[in-house]
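Here's the letter readout for the chains.
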Amino acid sequence: MCNLASQYFLQITEARCVMRRYTITLLFITLFILSCVCCTSSNGTPVKPEDDTGGAGGANLPIDSVDGLTFLFIHHSTGEGFLIEGGMWDMLEDAGLEVHSRTYDDGWVGDNTDPEHFPVTFTEHYDDMVTWELSSGEQYDFVAFKSCFPASSIESDAMLEDYKDYYRTVRDVVRQHPETLFIPFSTPPLVPEYTEPADSARAREFANWLTGEYDDDDANLVAFDLFDILAGDNPSSGDYNCLRYEYQADPYDSHPNELANETVAEEFTSWLVGEVEG
């Protein structure tokens, strides 16, 4: 998936830069003869891609960083912990990203983040999602989205299959918009007090599916395994497939503690930069 995401960003960066700086004639000369262009703005930062061909082209250009790209995170309270207490917002900005957060009271997209809501978000609120808070004509380079920990209460195999269907609908929409890299997070785990072993096992199964089979062939859809970072992996431990003991602030509260938030912030920032830069 690293190679797919890297190639995807290299392609759209080339296409957008060329469209902004040269004529259509020079675009084709650059793509098919030179095959490598270094694109920077007047102040030395990468020019944001502009791809009227839907991200196609096949060029494989090196880029140095995510500097100057835009990032939207759709989340609720757990995500707020990653951004603020964990320092993920600052880390992403330090990497060069322009960071935006969408959460409670930010319209349909911010208020509705359960798995069953995402098909509606992507089919009925897509334009609002990818342009929110940006200047006219701009779209996000990255859109990351996650449900909160109650979504890890997967109470039946039928419910698990419903989750997969919701995300397949999202994938169908994403495939039509290669100009943006979409990052679904697997669900954050619950504390043992608020789940059953079979339910938490299904949450693990969903995370494995989301980060495996689900995004296997899609260059602009790369899942981040939040569940695996936060959940215990020892079958003989009481926190197996649940929020790890060391990440619990309270045995009756599934919000990750400060250590967990910092861990996720560091892991995600490193992972995202690696996906883009290779």
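Structural data are supplied above this passage.
S.K.: Any chance you could explain the nonpolar core here in plain terms?
M.R.: Considering soluble globular proteins, one finds that nonpolar side chains tend to be buried as a cluster. Residues Phe122, Met129, Val143, Phe145, Tyr167, Phe182 and Phe206 are the most contacted members of the largest nonpolar core, which totals 32 residues. What Phe145 contacts, discounting residues up to four positions off in sequence, is Ile74, Phe118, Phe122, Tyr167, Val170, Phe182, Ile183, Pro184 and Phe185.

S.K.: How should the pairing of strand 1 (residues 70-74) be read in this particular structure?
M.R.: Of all five residues in strand 1, five are buried; the element is thus mostly enclosed. Of the two faces of strand 1, the one holding Thr70, Leu72 and Ile74 and the one holding Phe71 and Phe73 are both buried throughout. As paired elements, strand 1 and strand 2 (residues 98-102) share five bridges and run parallel to each other. Looking at strand 2, one finds that Phe73 is bridged to Ser101. Bridge analysis of strand 1 against strand 3 (residues 142-145) gives four bridges, and the strand direction is parallel. Across the sheet, the residue bridging to Ile74 is Phe145, located in strand 3.

S.K.: Quick question: what am I supposed to make of the environment of Leu134 here?
M.R.: Looking at where Leu134 falls in the secondary structure, it is placed in the loop between helix 7 (126-131) and strand 3. Leu134 gets classed as buried once you look at its relative accessible area, which sits at 16%. Along the chain, Leu134 and Thr70 lie 64 residues apart, while their C-alpha atoms are 9.0 Å from each other. Apart from the residues within four sequence positions on either side, Leu134 is in contact with Thr70, Glu98, His100, Gln139 and Tyr140.

What counts as what
- Residues numbered from 1 in each chain as written.
- Predicted model: local features only at pLDDT ≥ 70, side-chain atom pairs only at ≥ 80, totals over all residues.
- Heavy atoms only, no water.
- Core = buried A, V, L, I, M, F, W, Y, C linked by side-chain atoms within 4.5 Å.
- Buried < 20%, exposed > 50% of the residue type's maximum accessible area, 1.4 Å probe, protein only.
- Contact = heavy atoms within 4.5 Å.
- Helix = DSSP H or I, 4+ residues; strand = E, 2+ residues; numbered from the N terminus.
- Pairing = 2+ DSSP bridges.

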